[in-house]
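Structural characterization, general
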Amino acid sequence: MAFRGSFRFDVTPYGDLSDSPTNVESLRSLWLDRSLVNGDNLGPGDPGDFDHGAWHVACHLVAAGGVRRAANGRLLWLEVSHDARNDEYYASVSARADRVVRTERLDSEDSSRLLAGSTLLGFVEGNSVGHISARGVRDTVDRFNGCPRQQFDRDADSVDDGGKVWEHWCTTRDIRASHVTGASVLRAYTMLVATLGDRFVAAVARGRRDYGHPEQLCAMVVAGLTSKASATWVATPYGLPPAAQRLLLEARPSDALTAVEALSWEAPPRYYMFPRRISRWSDAAAVSAALASSAH
């Protein structure tokens, strides 16, 4: 067992986050911390949004997903999914078998068999327009500091704010252990990061140069959620083609798997972004400069 950063995240010998209750609590403490990140660097929000809520970057991180190739050659889609039966979130893996897509909990025996011997192919940005994963949810006005998730469930052709990014802006407005939905998001995300590796956090955080994301990425490096090497990974994101975008805007694991099956995964790991915001990517030089000038 090894520990990294000022928040002592538990990491594997390969430098990836471990899937452990300790790391869930470290992540909660980090995103509720107001010494590493505070004021305008928390990102935009309404009064009360950061009383018990995570930094702005959290909604983008949780909304993203990743792809692995199974030992038998099939592609696997991994994400934070929604369980409508209890309104909780869980880490999932989806695979196709006999033309049918099955989505399993990442901590199940079936998932372990799917992932055994698999290799990482890359990551995909979460949608900030279109549908949310919690379709049909009806939040009361007092939940998530007055941000009901259903207001961000948009049609796939809508250009209004919506999708999984805005869904998780809502869910991460209260990440205390006492909040069942928000707590489930942290557990699911920790498990997802442990399965997709250390570059996952940093790649998605680098997808914006506004909303305080550069400062928040620097803080996550200092805290140990991700490493400096991953934060400065030399990479250029690829734009998602229209057909893949349309499928991903449905915010369903089966549609996401269909989308990534049609993408190129040569020279992995790759990061795919929606073209509407791809110009806001922070390259390795920009991240290195931010880390060098960080006050932490």
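Structure: see above.
Reading guide: rules and limits
Residues numbered from 1 in each chain as written. Predicted model: local features only at pLDDT ≥ 70, side-chain atom pairs only at ≥ 80, totals over all residues. Heavy atoms only, no water. Helix = DSSP H or I, 4+ residues; strand = E, 2+ residues; numbered from the N terminus. Rg over C-alpha atoms; globule rule 2.2 N^0.38 Å. Buried < 20%, exposed > 50% of the residue type's maximum accessible area, 1.4 Å probe, protein only. Contact = heavy atoms within 4.5 Å. Areas by Shrake-Rupley, 256 points an atom, 1.4 Å probe, with all protein chains shown as cover. Lys, Arg positive; Asp, Glu negative; His and termini not counted. Charge placed at Lys NZ, Arg CZ, Asp CG, Glu CD. Salt bridge = Lys/Arg side-chain N within 4 Å of Asp/Glu carboxyl O. Pairing = 2+ DSSP bridges. Core = buried A, V, L, I, M, F, W, Y, C linked by side-chain atoms within 4.5 Å. Polar contact = N/O pair within 3.5 Å; in protein donor to acceptor, adjacent residues only side chain to side chain. Axes fitted to C-alpha atoms, helices over the stretch in contact; angles between N-to-C directions.

This brings us to the overall build of the protein chain. Scanning the protein chain for helices and strands turns up 11 helices and nine strands. Rg of the C-alpha trace for the protein chain: 18 Å, near the compact-globule value of 19 Å for 296 residues, within the 12% margin. When each of the 296 residues of the protein chain is scored for burial, the buried share is 57%. Of all intrachain contacts in the protein chain linking residues separated by at least 6 positions in sequence, the fraction that spans at least 24 positions is 68%. Of the roughly 12400 Å² that the protein chain leaves accessible, carbon and sulfur atoms contribute 50%. Between the centroid of the 33 positive side chains of the protein chain and the centroid of its 36 negative side chains there is a distance of 4 Å.

Now for the pattern of salt bridges. Summed over the entire model, instances satisfying the criterion amount to 19 salt bridges. Of the charged contacts in the structure, one is a salt bridge between Arg-135 and Glu-250, with a shortest N-O distance of 2.8 Å. One end of the pair, Arg-135, is in the loop between strand 7 (119-124) and helix 4 (163-171); the other, Glu-250, is in the loop between helix 9 (242-248) and helix 10 (253-261), with 115 residues separating them in the sequence. For Arg-135, a relative accessible area of 29% puts it in the partly exposed group. Taken together, the shared-partner salt bridges in this structure form one network comprising Asp-87, Asp-139, Arg-143 and Arg-149.

Moving on, we come to the pairing of strand 6 (residues 100-105). Bridge count between strand 5 (residues 88-97) and strand 6: six bridges; the pairing is antiparallel. Counted as the bridge partner of Ala-97 is Val-100 from strand 6. Hairpin connection between strand 5 and strand 6: a loop of two residues separates the two successive antiparallel strands, and Asp-98 in this loop has a positive phi of roughly 55 degrees.

This part covers the nonpolar core. Across soluble globular proteins, nonpolar side chains show a tendency to be buried alongside one another. Of all hydrophobic cores here, the largest spans 70 residues; its most connected members are Trp-31, Tyr-189 and Met-220. Ignoring sequence-local partners within four residues, the contact set of Tyr-189 consists of Leu-27, Trp-31, Leu-61, Val-62, Val-80, Phe-200 and Val-201. Counting 19 residues, the second largest nonpolar core, distinct from the first, contains Val-67, Leu-121, Val-124 and Ala-256.

Mapped onto the fold, Ser-35 is located in the loop between helix 1 (21-31) and helix 2 (57-63). Taking the relative accessible area as the measure of exposure, Ser-35 reaches 54% and is therefore exposed. Separated by 184 residues in sequence, Ser-35 and Ala-219 have C-alpha atoms that sit 9.7 Å apart. Among the polar contacts listed, one links the side chain of Ser-35 to the side chain of Asp-33, at a separation of 2.9 Å.

The next point concerns the sheet that holds strand 7. One open sheet accounts for seven strands, arranged 6-5-4-3-7-9-8; its pairing is mixed. The sheet is open, and its two edges are formed by strand 6 and strand 8 (238-239), each paired on a single side. Against the sheet, helix 10 makes contact with strand 3 (65-69), strand 4 (75-83), strand 5, strand 6 and strand 7, and its axis sits at roughly 155 degrees relative to strand 4, the strand it touches most.

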